[in-house]
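Observations on chain architecture
Below are the chains, spelled out letter by letter.
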Amino acid sequence: MTAHRTGRSAAGRSARTTIARRRARVSGLPGLAFIAPALVGLLALYILPLLTTVYLSFTETKPFGGESFTGIDNYAALVADPQFWNALSNSAIYTVIVLLGIPISIVIATLIHAVRRGKNVYRVLFFLPIVTLPVAVGMVWRYIFNGEFGLLNQALGAVGIDGPSWVADPTVAIFAVSIVGIWMSLGTSIIILGAGLQGVPPELLEASALDGAGPVRQFFSVTLPLLSPSIFFVSVLSVISSLQMFDLIYVMLIRGSQAETASQTIVYYFFQQTFVRFDRGYGSAIAIVLLLLIMLVTAVQFRLQRKAVFYG
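Values in this document were obtained by computation on a predicted structure and should not be read as measured data. (Residues numbered from 1 in each chain as written. Predicted model: local features only at pLDDT ≥ 70, side-chain atom pairs only at ≥ 80, totals over all residues. Heavy atoms only, no water.)

**Concerning the nonpolar core**
Of all hydrophobic cores here, the largest spans 20 residues; its most connected members are Y94, F145, V177, V180, L248, I249 and M252. When residues of this core are traced back to their parent elements, those giving at least two are helix 3 (82–99), helix 6 (134–144), helix 8 (173–198) and helix 11 (247–252). In terms of residue count, the dominant contributor to this core is helix 8 (6 residues). With residues up to four places along the chain from it excluded, the contact list for Y94 reads I174, V177, S178, G181, S242, M245 and L248. (Core = buried A, V, L, I, M, F, W, Y, C linked by side-chain atoms within 4.5 Å. Buried < 20%, exposed > 50% of the residue type's maximum accessible area, 1.4 Å probe, protein only. Helix = DSSP H or I, 4+ residues; strand = E, 2+ residues; numbered from the N terminus. Contact = heavy atoms within 4.5 Å.)

Below you can see the structure in the form of structure tokens.
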């Protein structure tokens, strides 16, 4: 009798478990339906292209279709390619110079935060380059940097300085483009840092003032440490976007000039190899190297933020 009851109870538990699993599956269907568009987009626009790019990086492609597997030949060619290393160094130079715009953004965001009226007006003015087409921005700055009749050289000439041909000189073209990169990145950085400044508790500033700290000491001892998460976030965004820079080089520099060759970034070199020379295998290898480089730099930034970022 006891064995019979035990068997019935075990069967009952098994039935209840089966019913619970079925209900869980049914209740999970609406959730899957909601995330299905995002999953399909992620698969079609990111995962499949990434897998295709990885495959093509190990092949030699032909201009009119078809490819043959070549192993790591493309990556070996990259190591021995001086133009690739030049493009990589230009991307590094551009990234470092654009990162110098973060201290400028901190100062501007702090000044705007201290203003009592018109904060939104100043923020909109600094954010305008972000909503402007990069092609339009590049064309305007190309005329400003023109060596013969550009506004910059005219201003320098008025004080007796003979300015260079900014976008035609291979030695200074990358620096001219980097200045534009700083100008374009100020808007986003100022908005993010401004939001971080609003999160600084005024009680801490009042307490530090009672302890005798002046505005400068308050900024470096209280405001800046509490602003470090926003600074870290801005630095990560700046590094990723700077390593992917393409449009300014394409618009500002003259096609086929020495400045274009000497100042090309890694993404511009990828464009030249893939869409001008139709070497998709070599271009895919460049893209994969760029992806790994961004992942590596971002990982290093997250590693360093453990010591440099204060989450109060």
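**Considerations on the confidence of the model for the protein**
Residues with a pLDDT of 70 or more make up 90% of the protein, whose mean pLDDT is 85. Mean pLDDT in the protein bottoms out at helix 1 (residues 2–56), which sits at 70, and peaks at helix 3, which reaches 94. Contacts from residues 1–5, a stretch scored under 50 in pLDDT, to residues over four places away or in other chains number 0 contacts. (pLDDT = per-residue confidence, 0-100.)

**Here's the deal with the packing of helix 3 against helix 8**
Relative to each other, helix 3 and helix 8 sit at 40 degrees, their axes nearing to 9 Å. It follows that helix 3 is oblique to helix 8 by the angle criterion. The two elements helix 3 and helix 8 meet at a crossing, and its hand is right-handed. Each of N90, I93, Y94, I97 and V98 in helix 3 lies in contact with helix 8, whose residues at this interface are I174, F175, V177, S178, G181, I182 and S185. (Axes fitted to C-alpha atoms, helices over the stretch in contact; angles between N-to-C directions. Parallel < 35°, antiparallel > 145°, perpendicular 65-115°, else oblique. Left-handed = near helix turned anticlockwise from the far one by under 90°.)

**Here we look at the pattern of salt bridges**
Oppositely charged side chains may form a pair once their charged atoms are brought near each other. The full count for this structure, using the stated rule, is 1 salt bridge. E67 serves as the salt-bridge partner of R280, at 3.8 Å between the closest nitrogen and oxygen. One end of the pair, R280, is in helix 14 (residues 280–308); the other, E67, is in strand 2 (residues 67–69), with 213 residues separating them in the sequence. (Salt bridge = Lys/Arg side-chain N within 4 Å of Asp/Glu carboxyl O.)

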